[in-house]
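Observations on the three-dimensional arrangement
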Amino acid sequence: QEDLAGLLLASGESAIAWQASRRDEALLPAAGVDILQAALRLALEKSPVKTPTPRGVSASAELAPAGLPRPAVPCERVPQRLSASSLQSLVNCPYQYFARHILRLNEIEDLQDGLEKRDFGELLHAILKRFHERFPTLAGQTDAALLAELEALSEDAFAQAVGRNFQDHAWRLRWLSRLPAYIAWQRDREQAGWRWAAGEESEQREFELDDGALLSLVGRIDRRDNRGDETALLDYKSRNKEALARQVKNPDDVQLAFYSLLKGTHIGEAAYVALDGDKLEAVPMPEPERRAELLADGINASFTALRAGAGLPAHGSASACAWCEMNGLCRHEWRG
């Protein structure tokens, strides 16, 4: 309400419009607008709202629904940086990528009283990074000592969140219950020859397109392990093994392949680590270097075409559209 009042006071004249109905169902304005409407009605002794007059229309070519948008981007406006998340957006729906990363119409995040799943994941990343910096290998340490250290790091990381919102104890307890399983999983990795090398590692690689332009691939890899001259790239997920197994089989899922391309050669393993469930497991992507090569071909073809004026059509899948904040912009729902 304060934002709305400030906007109105800073403007000469203001007009507020909203969709009055959808499929014969009346729609109300936002709560702040509704309050403003009531206040103005009391002050003016009449309604400030103008009700639109319905108009009959005849079918014609001019009034036929337009096709889905397919904007092209001037060469100089094509982004020169690419992350795994922005590439995933391009794969999910080119128009979504256009709206998010060219028009930069990303939604502003709402203030939250408590932790959300993404915040929970970020806390786990920070905890595990600190833990492995202290214990790059677990050999020579007892499970009890390791568990005590991991619990202490976890309590410290969750202290601020729990102090702000008591309900976040649920996230804390959820993670604490998985600490023994994490230690057991880490010991199994070390027995297989893998050694923790780095966490939260920022990477950048210059990628040359067919037209000679350079595209900067950027990303932050949750964890890197080494075994001889092999590298393992791991991405922590607060999800169970079954969900991640479906994700890694999806040919449109680009995250692990992108990290493999970003890091380079000798990628012996690229996997999601399922931090949810009684038993922690890594869910690997088959042939990470081959998948990286195929992804490189796709990136080259896509961005060379974008720079040549190819359009970005709105043709996301049903699952992509269900969670897309840009569906009101492309109006896919109204054209289906």
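Heads up: the structure comes first, above all this text.
An account of the accompanying structure is given in this report.

Reading the values: rules and limits
- Throughout, residues of each chain are indexed from 1 in the direction in which the sequence is written.
- Local features in this predicted model are restricted to residues whose pLDDT is 70 or higher, and side-chain atom pairs enter the listing and the counts only when it is 80 or higher, whereas totals over whole chains, interfaces and linings include all residues.
- Remark: hydrogens and water are excluded; side-chain values derive from all non-hydrogen atoms of the structure.
- Every axis corresponds to a line fitted to the C-alpha atoms, with the helix fit spanning only the stretch in contact, and the corresponding angles, defined between N-to-C directions, vary from 0 to 180 degrees.
- For the purposes of this entry, the term helix denotes a DSSP run of H or I that reaches at least four residues, the term strand denotes a run of E that reaches at least two, and both are numbered from the N terminus.
- By the definition adopted for this analysis, an angle is roughly parallel if under 35 degrees, roughly antiparallel if over 145, roughly perpendicular if from 65 to 115, and oblique otherwise.
- The sense of a crossing depends on the near helix, which, turned anticlockwise from the far helix by less than a right angle, makes the crossing left-handed and, turned clockwise, makes it right-handed.
- Contacts are residue-level and defined by heavy atoms, with any inter-residue pair within 4.5 Å sufficient.
- Polarity classes work like this: nonpolar for Ala, Val, Leu, Ile, Met, Phe, Trp, Tyr, Cys and Pro, charged for Asp, Glu, Lys and Arg, and polar for all others, with Gly in that last group.
- Think of it in three bands: with a 1.4 Å probe and only protein chains considered, a residue is buried below 20% of the maximum accessible area for its type, exposed above 50%, and partly exposed in between.
- We treat two strands as partners when DSSP finds at least two bridges between them.
- A side-chain nitrogen of Lys or Arg and a carboxyl oxygen of Asp or Glu constitute a salt bridge if their distance falls within 4 Å.

With that settled, the discussion passes to the packing of helix α5 (residues 117–134) against helix α6 (residues 143–164). As a packed pair, α5 and α6 sit with axes 10 Å apart at the nearest point and diverge in direction by 140°. The angle between the axes of α5 and α6 places the two elements in the oblique class. Judged by the sense of rotation from one axis to the other, the crossing of α5 with α6 is right-handed. Judged by residue contacts, Phe120, Leu123, Leu124, Ile127, Leu128, Arg130, Phe131 and Arg134 of α5 engage Leu146, Glu149, Leu150, Leu153, Ser154, Asp156, Ala157 and Phe158 from α6. Partitioned by chemical class, the residues of the contact of α5 with α6 number 11 nonpolar, one polar and four charged.

With respect to the helices and strands, the residue Gln96 is situated in helix α4 (residues 94–102). Residue class for Gln96 comes out buried when judged on its relative accessible area of 4%.

Our focus in this paragraph is the pairing of strand β5 (residues 214–227). Burial of β5 is extensive: 10 of the 14 residues sit out of reach of the surface. Relative to β5, strand β3 (residues 81–82) runs parallel, the two being bridged by two bridges. Looking across to β5, one finds that Leu82 is bridged to Leu217. For strand β4 (residues 195–208) and β5, the ladder comprises 12 bridges, and the chain directions are antiparallel. Residue pairing for β5: Gly199 is matched across the bridge by Arg223.

We now examine the pairing of strand β6 (residues 230–237). Judged by how many residues are buried, β6 sits mostly within the fold: seven of eight residues are covered. Here β5 runs beside β6; their pairing, made up of five bridges, is antiparallel. Considered in β6, the bridge of Asp225 is made with Ala232. The turn linking β5 back onto β6 is made up of two residues, and Gly228 within it adopts a positive phi angle of 65°. The pairing of β6 with strand β7 (residues 267–274) spans seven bridges and is classified as parallel. Within the sheet, the bridge partner assigned to Lys237 lies in β7 and is Ala274.

This next bit is on the pattern of salt bridges. Applying the stated criterion to the full structure yields 20 salt bridges. Its salt-bridge partner being Arg220, residue Glu200 comes within 3.2 Å of it at the nearest N-O pair. In this pair, Glu200 is assigned in strand β4 and Arg220 in strand β5, connecting sequence segments 20 residues apart. Classification of Arg220 as partly exposed rests on a relative accessible area of 46%. Among the ionic contacts, a cluster of salt bridges with common partners joins Arg189, Arg223, Asp225 and Glu269.

So far we have only geometry, and geometry alone does not tell us how the molecule works.
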